[in-house]
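Below are the chains, spelled out letter by letter.
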Amino acid sequence: VQLQASGGGLVQPGGSLRLACIAPGNILRPNTMGWYRQAPGQQRELVAVAPSSGSTDIADSVKGRFTISRDNAKNAVYLQMNNLKPEDTAVYYCNLRVWIFGHAADYWGKGTLVTVSS
């Protein structure tokens, strides 16, 4: 599955960006789609994830500022990022997780860079 992510860029502190990711074709359900990020010298961390049905999960560090949403008809997931802070600077990766015979399989987008700087 080739995930297609877009929407990164340079923004000033307090600004907003919206990331989008689409998984072309048919994908297994249930599944989750979400976003992870990796800052320089740090491990990849979960930002937000949304299942094909059910409640979303958002990291405490971005709760209240970031919102994740899905469009199941388009196999798309979006991350609305508001009130961005310099510490949000990272490469953001789109993730699709499906289950095959009970085993989780992860697919990743190429990553989109978000830079928060004045």
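Details of the structure are given in the entry above.
An account of the accompanying structure is given in this report.

The rules behind the values
Residues numbered from 1 in each chain as written. Predicted model: local features only at pLDDT ≥ 70, side-chain atom pairs only at ≥ 80, totals over all residues. Heavy atoms only, no water. Pairing = 2+ DSSP bridges. Helix = DSSP H or I, 4+ residues; strand = E, 2+ residues; numbered from the N terminus. Axes fitted to C-alpha atoms, helices over the stretch in contact; angles between N-to-C directions. Phe/Tyr/Trp six-rings, centres within 6.5 Å; stacked < 30°, edge-to-face > 60°. Lys NZ or Arg CZ within 6 Å of the ring centre and 35° of its normal. Buried < 20%, exposed > 50% of the residue type's maximum accessible area, 1.4 Å probe, protein only. Polar contact = N/O pair within 3.5 Å; in protein donor to acceptor, adjacent residues only side chain to side chain. Contact = heavy atoms within 4.5 Å. Patch = residues over 30% accessible without salt bridge, like charges linked within 9 Å, V, L, I, M, F, W, Y side chains within 5 Å. Areas by Shrake-Rupley, 256 points an atom, 1.4 Å probe, with all protein chains shown as cover. Salt bridge = Lys/Arg side-chain N within 4 Å of Asp/Glu carboxyl O.

### Some points on the sheet that holds strand β7 (residues 66–71)
The strand order across the open sheet formed by four strands is β1-β3-β8-β7, and the pairing between neighbours is antiparallel. What marks the edges here is a single partner per strand, and that holds for β1 (4–6) and β7. Each neighbouring strand pair of the sheet contributes to a mean axis angle of 15 degrees, computed without reference to strand direction. Bridge count for β1 against strand β3 (residues 17–22) is three bridges, and the pairing is antiparallel. The residue of β3 that forms the bridge with Ala-5 is Cys-21.

### Quick notes on the packing of aromatic side chains
As enumerated under the stated definition, the model contains one aromatic pair in all. With a centroid separation of 5.1 Å and 70 degrees between ring planes, the pair formed by Tyr-36 and Trp-108 is classed as edge-to-face. Of the two residues, Tyr-36 sits in strand β4 (residues 31–38) while Trp-108 sits in strand β10 (residues 103–108), which places them 72 residues apart along the sequence. Positioned over the ring face of Trp-108 is Arg-44, at 4.5 Å from the centre of the ring.

### Some remarks on unusual backbone geometry
For residues besides glycine, phi is generally negative; the peptide bonds are generally trans as well. That bond from Arg-29 to Pro-30 is cis: its omega, 5 degrees, falls within 30 degrees of zero. Along the polypeptide, Pro-30 turns up in the loop between β3 and β4. Positive phi, normally seen in glycine, also occurs at Asn-75, with a value near 50 degrees. Within the secondary structure, Asn-75 sits in the loop between β7 and β8 (76–81). Take Asn-75: its relative accessible area is 8%, and that puts it in the buried class.

### With respect to the side chain of Asp-88
Note on placement: Asp-88 falls in the loop between β8 and β9 (90–100). By relative accessible area, Asp-88 is classed as buried at 0%. At 2.7 Å, the side chain of Asp-88 and the side chain of Arg-65 are in polar contact. Beyond its immediate sequence surroundings of up to four residues, Asp-88 is in contact with Arg-37, Val-62, Arg-65, Phe-66, Asn-83, Val-114 and Val-116.

### What about a nonpolar patch on the surface?
On the surface, Leu-28, Ile-100 and Phe-101 cluster together into a nonpolar patch covering about 350 Å² of accessible area. Among the secondary structure elements, Ile-100 is positioned in strand β9. When its relative accessible area of 33% is taken as the criterion, Ile-100 is described as partly exposed.

Fair warning: the whole summary comes from geometry, so function is off the table for now.
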